[in-house]
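Structural description and commentary
One-letter residues, chain by chain:
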Amino acid sequence: QVQLVESGGGLVQAGGSLRLSCAASGRTFSSHHTGWFRQAPGKEREFVAFITWSVGSTYYADSVKGRFTISRDNAKRTVFLQMNSLKPEDTAIYYCAAGQRVTTATMRGQYDYWGQGTQVTVSS
């Protein structure tokens, strides 16, 4: 069993930065691939970024590529999402998710565990 807790959200002006953290409990977390998703009001939850558990290969949605960076520290059981050059359209609740058998990073159904989310609000 893996439990995920996100933190680091908040209110920031456009052009600013935030760093989200996803802290995991559970012995097997280091063998789980991890993704970040976000959900804006009235919209579906969408993929943001993904990182594999071992090599640390990454994959990003086109909308955040070049602005967001995902990383992980397996020793600390934590995954990070560094968000730079934030835009008002980045406003959403951000969720981290983990799964051992994720083959398509963008598919929500392939993740086994989800956090409760953290709110990110970007003002113009």
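Structure first, text after, so check above.
These figures come from a predicted structure and were not determined experimentally. (Residues numbered from 1 in each chain as written. Predicted model: local features only at pLDDT ≥ 70, side-chain atom pairs only at ≥ 80, totals over all residues. Heavy atoms only, no water.)

**As for the overall build of the protein**
Looking only at helices and strands, the protein has 0 helices and 11 strands in total. Each helix (α) and strand (β) of the protein, taken in turn from the N terminus, gives the series β-β-β-β-β-β-β-β-β-β-β. For 124 residues, the compact-globule estimate of 2.2 N^0.38 gives 14 Å, and the C-alpha radius of gyration of the protein, at 13 Å, lies within 12% of that figure. Expressed along its principal axes, the backbone C-alpha trace of the protein runs to roughly 40 × 25 × 25 Å. Taking the intrachain contacts of the protein between residues at least 6 apart in sequence as the baseline, contacts between residues at least 24 apart amount to 58%. Split by element, the accessible area of the protein, about 6400 Å² in all, is 47% carbon and sulfur. On the protein, the mean spot of the 13 positive side-chain charges and the mean spot of the 8 negative ones are 6 Å from each other. (Helix = DSSP H or I, 4+ residues; strand = E, 2+ residues; numbered from the N terminus. Rg over C-alpha atoms; globule rule 2.2 N^0.38 Å. Contact = heavy atoms within 4.5 Å. Areas by Shrake-Rupley, 256 points an atom, 1.4 Å probe, with all protein chains shown as cover. Lys, Arg positive; Asp, Glu negative; His and termini not counted. Charge placed at Lys NZ, Arg CZ, Asp CG, Glu CD.)

**Some thoughts on the nonpolar core**
Formed by 36 residues in total, the largest nonpolar core has its most connected members in Leu 4, Trp 36, Leu 81, Met 83 and Tyr 94. Taken together, the elements giving at least two residues each to this core come down to β3 (18-25), β4 (33-39), β5 (46-51), β7 (68-73), β8 (78-83), β9 (92-99) and β11 (118-123). Setting aside chain neighbours within four positions, we find Leu 81 in contact with Leu 18, Arg 19, Leu 20, Trp 36, Val 48, Ala 49, Phe 68, Thr 69, Ile 70 and Tyr 94. (Core = buried A, V, L, I, M, F, W, Y, C linked by side-chain atoms within 4.5 Å. Buried < 20%, exposed > 50% of the residue type's maximum accessible area, 1.4 Å probe, protein only.)

**Focus: the packing of aromatic side chains**
For any two aromatic rings, the description comes down to two numbers: the centre-to-centre distance and the angle of the planes. According to the stated counting rule, one finds 5 aromatic pairs in the structure shown. Ring centres of Phe 47 and Tyr 59 lie 5.5 Å apart, and the angle between their planes is 25°; on these two criteria the pair is classed as stacked. Placement of the pair is Phe 47 in strand β5 and Tyr 59 in strand β6 (residues 58-60), with a sequence separation of 12 residues. On the accessibility criterion, Phe 47 (10% relative accessible area) is buried. A connected cluster of aromatic rings, assembled from ring pairs, spans Phe 37, Phe 47, Tyr 59, Tyr 111 and Trp 114. Between Arg 19 and the ring centre of Phe 80, over which it is positioned, the NZ or CZ distance is 3.9 Å. We note Arg 45 situated over the ring of Tyr 95; from NZ or CZ to the ring centre the distance is 3.6 Å. (Phe/Tyr/Trp six-rings, centres within 6.5 Å; stacked < 30°, edge-to-face > 60°. Lys NZ or Arg CZ within 6 Å of the ring centre and 35° of its normal.)

**So, unusual backbone geometry**
Note: most peptide bonds trans; most residues except glycine with negative phi. For Arg 77, which is not glycine, the phi dihedral falls at a positive 55°. For Arg 77, the position within the fold is in the loop between β7 and β8. Residue classification places Arg 77 among the partly exposed positions, given a relative accessible area of 35%. In this structure, Ser 85 takes a positive phi of about 50° despite not being glycine. Tracing the sequence through the fold places Ser 85 in the loop between β8 and β9.

**Focus on the environment of Ala 105**
Among the structural elements, Ala 105 can be located in the loop between β9 and β10 (113-114). Between the C-alpha atom of Ala 105 and that of Met 83, which follows or precedes it by 22 residues, the distance is 19 Å. Dropping the residues within four chain positions of it, Ala 105 is found in contact with Phe 37, Phe 47, Phe 50, Tyr 59 and Tyr 111.

**Some remarks on the side chain of Thr 52**
By the element assignment, Thr 52 lies in the loop between β5 and β6. Look at Thr 52 and you get buried, because its relative accessible area is 16%. Here Gly 56 takes part through its backbone nitrogen, which lies 3.0 Å from a polar atom of the side chain of Thr 52. Side-chain polar atoms of Thr 52 contact the backbone nitrogen of Ser 57, separated by 2.8 Å. (Polar contact = N/O pair within 3.5 Å; in protein donor to acceptor, adjacent residues only side chain to side chain.)

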